[in-house]
Amino acid sequence: MLESPPLSLYIHIPWCARKCPYCDFNSHASEIELPQAEYITALCDDFDAELERTTSAKDKEISSIFIGGGTPSLFDAASLEKLLVHIREKSALAQPLEITLEANPGTVETAKFREFRAIGINRLSIGVQSFNDEHLKAIGRIHDGREARIAIETAKKAGFDNLNLDLMHGLPGQNPRQAINDLNVAFQYAPAHLSWYQLTIEPNTLFYRKRPSLPEESLILKTQDQGFRVLEDHGFQRYEVSAYAQHNRECVHNLNYWQFADYIGIGAGAHGKLTNAEMDTIFRTRKLKQPAHYLNNSTNRTAECIEIKKDERALEFLLNTLRIKQGFSTNQFMTRTGVPFSSIEKKVEYLTSKGLLSKTGHKVSTTKIGYGLLNSVLEEFL
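Within any chain, residue numbers begin from 1 and follow the written order of that chain's sequence. Only residues with pLDDT of 70 or above have their local features reported here, since the model is predicted, and side-chain atom pairs are shown and tallied only from 80 upward, although totals for entire chains, interfaces and linings are computed over all residues. Excluding hydrogens and water, the side-chain values take into account all heavy atoms of the structure.

Colleague: Explain helix H13 (residues 310-321) to me, please; I cannot follow it from the model alone.
Modeller: Residues spaced three or four apart along an α-helix face the same direction, because each turn holds 3.6 residues. A run of DSSP states H or I qualifies as a helix once it reaches four residues; a run of E qualifies as a strand once it reaches two. Both are numbered from the N-terminal end. To estimate the expected span of a helix, count its residues, drop one, and scale the result by 1.5 Å. Spanning twelve residues, H13 covers 17 Å between terminal C-alpha atoms, matching the ideal 16 Å at 1.5 Å per step. Three exposure classes are used, based on accessible area relative to the maximum for each residue type with a 1.4 Å probe and protein chains only: buried under 20%, partly exposed in between, and exposed over 50%. All of the buried residues along H13 are Arg 313, Ala 314, Phe 317, Leu 318, Asn 320 and Thr 321. For H13, the buried positions fall inside an angular range of 165° around the axis, keeping them on one side. The arc in question is the one spanned by the directions pointing from the helix axis to the C-beta atoms.

Structure below.
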């Protein structure tokens with residue numbers, strides 16, 4: 001039987017100082033003064049409309065808030081505080097509540113860290129990517145290694161003890177030693193969480209149209225093998241494909257995604273997922289992508305609202321839950337999808353016999369081999 005899962009809130013702020021050549025997110029470079037007041041008002045209205053969309057969201061406690069982008073740290077703390085106050089007035093919030101803000105190491109953003117902490121933001125995710133100046137330049141970042149270090153130090157002084165650092169490997173001109181050195185520099189600051197992932201070339205990016213020279217596959221694999229070991233040696237557990245955390249410091253918000261729970265998405269291009277257990281429906285939503293369209297369409301900012309049909313729910317569930325090492329329970333599968341476990345049981349048994357999945361009691365997860373072949377495992381459920 002379909003049940004109402006936990007609920008989180010994602011807030012998208014789409015502007016950046018400059019669009020990175022590898023970025024395929026909904027981000028837009030802006031050389032003019034950002035319309036902060038207008039956008040915050042739109043976000044508040046958008047949030048109210050989402051609460052009215054379904055009673056399951058309206059009556060549910062919000063378990064986490066994530067402010068992403070773009071570069072949301074370009075906004076002033078006073079603007080974000082207005083939004084957070086509105087959210088607190090209109091909805092029930094979990095206590096304690098994880099509130100994450102994405103930030104870049106630019107001077108403008110770093111100067112605001114103490115103010116961000118003062119308005120209740122308690123988790124900071126800093127897009128470092130690398131501490132090597134040449135590699136940062138090669139991927140179009142506007143900060144250097146020194147600014148990255150200053151940003152981390154400033155964040156810690158501002159009281160952010162729940163800190164994530166984003167790092168990439170497989171960068172143009174990067175060898176395994178340099179990639180591991182980026183991790184070692186990060187360890188010096190004792191972050192709670194690291195996002196460490198390979199640079200991939202995505203469609204609709206500058207790098208896709210003008211592909212840079214990347215390290216050979218053998219070097220990528222060598223980097224990953226060394227990186228997995230050094231992360232574990234420093235107490236970081238790989239709990240998701242590209243997420244590593246110290247003990248009990250996993251990102252609450254992202255775990256909510258990967259456990260096929262619900263989330264409201266507000267802001268230009270933001271995605272959401274909402275379950276209505278009474279109606280036995282699950283919908284995915286997407287907001288208008290272009291900031292100008294989002295701001296100017298005050299009556300309806302939703303670009304798409306698509307139902308996840310029953311015969312699609314199992315795959316959608318597995319695409320998320322098999323990304324995390326802990327996997328899922330059979331009861332969780334049934335209550336989050338409204339579909340009986342028997343619908344996938346034979347495939348699970350087959351993949352278990354091949355050593356790709358493990359089923360212990362009511363718990364299903366990938367094996368070490370299966371985790372490394374995750375795409376192949378998921379293809380079996382298509």
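Colleague: What exactly am I supposed to notice about the nonpolar core here?
Modeller: Among soluble globular proteins, nonpolar side chains are generally buried collectively. Take the buried residues of types Ala, Val, Leu, Ile, Met, Phe, Trp, Tyr and Cys, join any two whose side-chain atoms come within 4.5 Å, and each joined set is a nonpolar core. Grouped together as the largest cluster of nonpolar side chains are 64 residues, with contacts concentrated most on Ile 65 and Phe 113. With seven residues, the top contributor of residues to this core is helix H1 (residues 36-53). By definition in these notes, contact holds between two residues if any of their heavy atoms fall within 4.5 Å. Ignoring anything within four residues of it in the chain, the contact list for Phe 113 reads Ala 103, Asn 104, Leu 124, Ile 126, Ala 151, Thr 154, Ala 155, Ala 158 and Phe 160. Of all hydrophobic cores here, the second largest spans 22 residues; its members include Leu 2, Phe 328, Val 364 and Leu 378.

Colleague: I keep staring at the side chain of Thr 223 and nothing clicks. Help me out?
Modeller: The topology assignment puts Thr 223 in helix H10 (residues 217-233). Ignoring sequence-local partners within four residues, the contact set of Thr 223 consists of His 169, Pro 176, Ala 179, Ile 180 and Trp 196.

Colleague: Can you help me understand the packing of helix H8 (residues 176-187) against H10 in this one?
Modeller: Each packed pair of helices is defined by two parameters, the angle between the axes and the distance between the axes. Two elements in contact, H8 and H10, have axes whose closest approach is 9 Å; the angle formed by their N-to-C orientations is 25°. Considering the angle they form, H8 stands roughly parallel to H10. Judged by the twist between their axes, the crossing of H8 over H10 is right-handed. Residue-level inspection shows Pro 176, Ala 179, Ile 180, Leu 183, Asn 184 and Phe 187 of H8 in contact with H10, the latter providing Leu 219, Lys 222, Thr 223, Gln 226, Gly 227, Val 230 and Leu 231. Axis angles are defined between N-to-C directions and span 0 to 180 degrees, where every axis is a line fitted to C-alpha atoms and, for a helix, only to the segment in contact. Just so you know how the angles are binned, under 35 degrees is roughly parallel, over 145 roughly antiparallel, 65 to 115 roughly perpendicular, and the rest oblique. What makes a crossing left-handed is the near helix being turned counterclockwise from the far one by less than a right angle; a clockwise turn instead makes it right-handed.

Colleague: For this particular structure, what's the right way to read the packing of aromatic side chains?
Modeller: Aromatic ring pairs are described here by two measures, namely the spacing of the ring centres and the angle between the planes. For this analysis, a ring pair means two rings from Phe, Tyr or Trp (six-membered ring only for Trp) whose centres lie within 6.5 Å, classed as stacked if their planes differ by under 30 degrees, edge-to-face if by over 60, and tilted for the remaining angles. Going through the model one piece at a time under the given rule, you end up with 15 aromatic pairs. With a centroid separation of 6.4 Å and an interplanar angle of 65°, the aromatic rings of Trp 196 and Tyr 244 are classed as edge-to-face. Pair noted here: Trp 196 is in strand E8 (residues 193-198) and Tyr 244 is in strand E10 (residues 243-245), with a separation of 48 residues, a long-range link. Tyr 244 matches Trp 196 in its accessibility class, with the two residues each being buried. Following the ring pairs from residue to residue traces out a cluster consisting of Phe 260, Phe 317, Phe 328, Phe 333 and Phe 341. The positively charged end of Arg 301 is found above the aromatic ring belonging to Tyr 294, 5.1 Å away from the centroid. A ring has a charge above it when a Lys NZ or an Arg CZ is no more than 6 Å from the ring centre and no more than 35 degrees off the ring normal.

Colleague: When you look at unusual backbone geometry in this model, what are you seeing that I'm missing?
Modeller: Comment: phi is negative for the bulk of residues other than glycine, and the bulk of peptide bonds are trans. Following Gly 69, the chain continues into Gly 70 via a peptide bond in cis, with omega recorded as 25°. Geometrically, the link from Gln 95 to Pro 96 is a cis peptide bond, its omega value of 0° lying close to zero. Position of Pro 96 among the secondary structure elements: in strand E5 (residues 93-103). For Gln 129, which is not glycine, the phi torsion reads 70° and is therefore positive. For Gln 129, the location among the structural elements is in strand E6 (residues 123-129). Within the chain, Asn 204 stands out as a residue other than glycine whose phi angle is a positive 65°. Structurally, the position occupied by Asn 204 is in the loop between E8 and helix H9 (206-209). Residue classification places Asn 204 among the exposed positions, given a relative accessible area of 70%.

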